[in-house]
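Architecture at a glance
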Amino acid sequence: VRAATRATFALYDAQPYVFRFVLLVQHDLAMKIPADTRMPQDVVVAMVRAGRARGEAHGDPELRAAAMVGLFLQVAAGVVYGRLPGPLSRYTDEVADLAMGALRA
């Protein structure tokens, strides 16, 4: 989780306009992508399932993955809209800790 958060937030810091584009048009794009395309949400669901198998995560994998992705995206949106000071990577550890808490709750 920490490595995924670090990589995602580093990508934002390195390419903020690409990340903002994806963040802002993700819902429109999702309707045009073939249903069998593996999406980031699918990767997070797989991570949660692996964590459950190790006893590190609980609950429904889809719900927990949605909560984790929501944490990532809402913090990114906070930086995009100036509610949180950048760079986004400054929040890596705290967001990773919150995401782990969502998995363990």
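Our subject is the structure that appears above.
This write-up is about the structure you can find in this document. In this text, all values refer to a predicted model and were calculated from it rather than measured experimentally.

Here we come to the packing of aromatic side chains. Centre distance and the angle of the planes are the two values used to describe a pair of aromatic rings. The full count for this structure, using the stated rule, is 2 aromatic pairs. Relative to Phe 72, the ring of Phe 9 has its centre 6.2 Å away and its plane inclined at 85°; by these criteria the two rings are edge-to-face. With Phe 9 in helix H1 (residues 2-14) and Phe 72 in helix H4 (residues 61-80), the pair connects residues that are 63 residues apart, well separated along the chain. For the pair Phe 9 and Phe 72, a shared accessibility class is recorded, and that class is buried. Summarising the aromatic geometry, the rings of Tyr 12 and Phe 19 are spaced 5.1 Å apart at their centres and angled 90° between planes, so their arrangement reads as edge-to-face. When sorted by exposure, Tyr 12 lands in the same class as Phe 19, which is buried.

Moving on: the packing of helix H2 (residues 16-30) against H4. Between H2 and H4, the shortest axis-to-axis distance is 11 Å and the interhelical angle comes to 115°. Crossing geometry of H2 relative to H4 is assigned as left-handed. Here Phe 19, Arg 20, Leu 23 and Gln 26 of H2 lie close against H4, whose contacting residues are Leu 73, Ala 76, Ala 77 and Val 80. For the contact of H2 with H4, the class distribution of residues is 6 nonpolar, 1 polar and 1 charged.

Taken together, the side chains of Val 18, Phe 21, Val 22, Leu 29 and Ile 33 present a nonpolar region at the surface, about 410 Å² in accessible area. Topologically, Leu 29 is positioned in helix H2. Of the residues examined, Leu 29 reaches a relative accessible area of 36% and is grouped as partly exposed.

Roughly 730 Å³ of volume is contained in the largest pocket. Forming the boundary of the largest pocket are 21 residues, of which Val 22, Gln 26, Pro 40, Gln 41 and Leu 73 lie nearest the centre. At the level of elements, H1, H2, helix H3 (40-53) and H4 are the ones that each hand at least two residues to the lining of the largest pocket. The greatest single-element share of the lining of the largest pocket, amounting to 7 residues, is contributed by H2.

Moving on, we get to the environment of Lys 32. Along the chain, Lys 32 turns up in the loop between H2 and H3. The exposed category is assigned to Lys 32, whose relative accessible area is 69%. Along the backbone, Lys 32 and Leu 63 are 31 residues apart, and their C-alpha atoms lie at a distance of 23 Å.

Definitions and cut-offs
- Residues numbered from 1 in each chain as written.
- Predicted model: local features only at pLDDT ≥ 70, side-chain atom pairs only at ≥ 80, totals over all residues.
- Heavy atoms only, no water.
- Phe/Tyr/Trp six-rings, centres within 6.5 Å; stacked < 30°, edge-to-face > 60°.
- Helix = DSSP H or I, 4+ residues; strand = E, 2+ residues; numbered from the N terminus.
- Buried < 20%, exposed > 50% of the residue type's maximum accessible area, 1.4 Å probe, protein only.
- Axes fitted to C-alpha atoms, helices over the stretch in contact; angles between N-to-C directions.
- Left-handed = near helix turned anticlockwise from the far one by under 90°.
- Contact = heavy atoms within 4.5 Å.
- Nonpolar A, V, L, I, M, F, W, Y, C, P; charged D, E, K, R; others polar.
- Patch = residues over 30% accessible without salt bridge, like charges linked within 9 Å, V, L, I, M, F, W, Y side chains within 5 Å.
- Areas by Shrake-Rupley, 256 points an atom, 1.4 Å probe, with all protein chains shown as cover.
- Salt bridge = Lys/Arg side-chain N within 4 Å of Asp/Glu carboxyl O.
- 1 Å grid on protein atoms, 1.4 Å probe; cavity = no way out; pocket = protein on both sides within 12 Å on 5 of 7 lines; lining within 4 Å.
- Points joined across faces, edges and corners; volume = space filled by probe spheres on them.

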